[in-house]
Every structure is written in C-alpha cells, then in structure tokens.
Amino acid sequence: MSRSSRTLPLQRPGESRWSHAHKQFIKWRFYYLLITPALLYFLIFHYAPMAGILIAFKDISPFGGLQGVIDGPWVGFKHFTRFFNSFFFWNVMRNTLEISVLKIIFGFPAPIIFALMLNEVTRTVAKRVVQTISYLPHFISWVVVTGLITALLASNSGLLTGLLNSLTGESWSFLTNPDHFRGILVSSHVWKTVGWSSIIYLAAIAGIDPHLYEAAAIDGASRLQMARHITLPGISFVIVILFIFEVGHILEAGFEQILLLYSPAVYGVSDILDTYVYREGLIRLQYSFAAAVGLFKAIVSLILIIGANSLARRLGQPGIW
C-alpha cells in the first residue's frame, strides 16, 4: 500500500457519514478555527445581504424601515421593465461595456508584459527597486489619484493644462472633453494596477523549471524565444484564470474612479451602470429600482463568468472549476 493511500481519511465500514465528518472536524479543528473569521466575513457581508434582492420585486418607501420592506407590495418585474425601457439603458450599457473592454485590452496584457520584462532583469537590487516603485500606486486610494489627475489636468488650474495653454495659446480641457476622458480613465487604471497585478505572473514564472531555460540556451534560443516558447506557455493557465475573472467583472468599469472624475459634461461617455445605480438609489432614493438594476448586473456577470469558464475548458485550459 502506497503512502498516499495510507494517509487518506477513508470512512470505515459501518461508520456513518456524520460520524466520519465529526471525527475529521475534531482532527482538523485548529485549521477550521483559522478560517472562521474569513467565513464569517463572507457570510455576514456577502451572503446575508442577498436577502435584500427581494426589494427589487417590491415597491418600498425609503422611510418605511424594515417593516416597510416586509409590508411593501409585490410588483414583479416592474422595475426591470422600467430599466429596459429607460432612455438611459443603452447609454449606460454601451459606456460600461466600452470602458471595460478598453481596460481589458490595455490593462490585462500590461502586467503580463511587465512581468516578462522584469523577469529579464538580472540585477537583484535594480529588480527590487522597480518592483517597489511599480507596487506603490496600488496602495494609493482613488481619492488621492483623482486629486493628482485633477491637479494636473484641471481646465483652468491644472499644471499640465496651464503649460499647454501657455505654449500653444489654446484652451485645453481634458476632464470635460468627451474625446479625452476615456483615455484618462484607461491610462490611470493601467498605471495604478500594472505593478500589483504582475505579482501573480512573477510567482507563476518563478515556478517554471529552470532546466527548460538551460536546455533552450544550449540549443541557441534567444531570450525572446525563451519568453515566447517557455515562459508564456508556462504561465498560460494563470493568464486564462485571471482572464475569466476579468470577463466576470466586465460590467464593473470602475465605479469609484469614474464617480470621482466625471462631470455632467462627460456623462455621455462615462455614465456606467454603477454610477446610474448610485444616482437612482442613493440620490433619488429609488431603492427598489436601484436594486433591480444591481440584480440585473449580477445575473449578467454570473452568466459571463460561467460562459468564459466553459469556453476555457473547451479549449483545453484549466478553468476556475
């Protein structure tokens, strides 16, 4: 009998399933204790609030409290129909998808390329300095980042716009110009996330067998050829899994970033599902309608992530499940 078969927690003949589970729980109780805070977090802040989706099918008053939620009349799919027939539906859907796709096109390959380039740096000190500098934007909140962007690109008082105005004699306006606003969103998103997102790719690269590189060097392969034929295939499973997550979040175009940067002048190109829900739910107090829009977004995201995972499995790549 192999060692692996001896260590398997097999159920004894005549032992009930509950008794076996109880013994395993007692055996690994300290590990279960360690994960208890995480389980409680997800239970309290992610699963328990799911009961609130009931208000998407009711008409409730924002001042009715819990009793108002319980006694509110059922209206079926009234709020969903209102959203689909709304003037804003196609605009917010188009903006959400376009901004998300732009962020995926430019933001998803960026940490992969950065990790490949950083992997070629042989000097340890230089590599650590570059890594540290690239990680720092991740720890800066969007409030601070948008403040920096405003200080640089504000129409009248911005440092960069003021310099351009004095050099060209023209009036530059980036944050209120629909042609420039999405470029600001995407570039600031890439700058803030590229370093931190590269960590998982660097970890995957570190797990590749170094003998593959030695064999390729003996055969005369260049560094570019090694990266193409060894490194990229070696981290392809990580790329696929993270891409599935990106597809699942395609309806999240960056609520906090857009909310802090946009203005009525650029609503036409920047108003997304999350900002629309914010205005309808928290400003106009249309709680039931906002809950219906949020539920629609969650269902579409679930369908997308299941579809992306199935497609990855069909293409021979490991999916999330």
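Criteria and thresholds
Residues numbered from 1 in each chain as written. Predicted model: local features only at pLDDT ≥ 70, side-chain atom pairs only at ≥ 80, totals over all residues. Heavy atoms only, no water. Helix = DSSP H or I, 4+ residues; strand = E, 2+ residues; numbered from the N terminus. Rg over C-alpha atoms; globule rule 2.2 N^0.38 Å. Buried < 20%, exposed > 50% of the residue type's maximum accessible area, 1.4 Å probe, protein only. Areas by Shrake-Rupley, 256 points an atom, 1.4 Å probe, with all protein chains shown as cover. Lys, Arg positive; Asp, Glu negative; His and termini not counted. Charge placed at Lys NZ, Arg CZ, Asp CG, Glu CD. Patch = residues over 30% accessible without salt bridge, like charges linked within 9 Å, V, L, I, M, F, W, Y side chains within 5 Å. Salt bridge = Lys/Arg side-chain N within 4 Å of Asp/Glu carboxyl O. Polar contact = N/O pair within 3.5 Å; in protein donor to acceptor, adjacent residues only side chain to side chain. pLDDT = per-residue confidence, 0-100. Contact = heavy atoms within 4.5 Å. Core = buried A, V, L, I, M, F, W, Y, C linked by side-chain atoms within 4.5 Å. Expected span 1.5 Å × (residues − 1). Arc of directions from axis to C-beta.

A. Layout of the overall build of the protein chain. For the protein chain, the helix and strand inventory stands at 18 helices and zero strands. Computed over its C-alpha atoms, the radius of gyration of the protein chain comes to 26 Å, more than 25% above the 20 Å expected for a compact globule of 321 residues. Seen along its three principal axes, the alpha-carbon backbone of the protein chain occupies a region of about 75 × 65 × 35 Å. For the protein chain, with 321 residues in total, the buried portion stands at 34%. Here the protein chain has roughly 20,300 Å² of accessible surface; of this, 69% comes from carbon and sulfur atoms. The centroid of the 24 positive side-chain charges in the protein chain is displaced by 11 Å from the centroid of its 16 negative side-chain charges.

B. Structural view of a nonpolar patch on the surface. A contiguous nonpolar patch, built from Phe 25, Ile 26, Trp 28, Phe 30, Tyr 31, Tyr 32, Leu 33, Leu 34, Ile 35 and Leu 39 and spanning about 1,100 Å² of accessible area, is present on the exposed surface. The set of elements that each furnish at least two residues to the nonpolar patch consists of helix H2 (17-27) and helix H3 (29-47). Among the elements that make up the nonpolar patch, the one with the highest residue count is H3 (seven residues). Positionally, Ile 35 belongs in helix H3.

C. Structural view of the environment of Ser 310. Within the secondary structure, Ser 310 sits in helix H18 (residues 287-314). Assessed through its relative accessible area of 35%, Ser 310 is described here as partly exposed. Remark: the alpha-carbon pair of Ser 310 and Ile 320, spanning ten residues in sequence, is separated by 9.4 Å. A polar atom in the side chain of Ser 310 sits 2.9 Å from the backbone oxygen of Ile 306.

D. A look at the confidence of the model for the protein chain. Averaged over all residues, the pLDDT of the protein chain equals 85, while 95% of them reach at least 70. The least confident element of the protein chain is helix H1 (residues 3-7), whose mean pLDDT is 44; the most confident is helix H6 (residues 89-107), at 92. Taken as a whole, residues 1-8 scores under 50 in pLDDT and shows one contact with residues more than four places along the chain or in a different chain.

E. Fine view of the nonpolar core. If you look at the biggest cluster of nonpolar residues, it comprises 39 residues, and the most contacted ones within it are Phe 83, Tyr 201, Ile 235 and Leu 273. Counting 17 residues, the second-largest nonpolar core is a separate cluster that includes Ile 99, Ile 149, Leu 175 and Ile 272.

F. The arrangement of helix H8 (residues 124-135) in detail. Under the 1.5 Å per step criterion, the end-to-end length of H8 is 16 Å for twelve residues, consistent within 8% with the ideal 16 Å. Among all positions in H8, only Gln 131, Ser 134 and Tyr 135 are buried. Looking down the long axis of H8, one finds its buried residues gathered within 95° of arc, a one-sided arrangement. For H8, the exposed residues lying more than 90 degrees away from the buried face are Val 125 and Ile 133. As for H8, its buried residues are in contact with helix H7 (109-119) and helix H11 (178-206).

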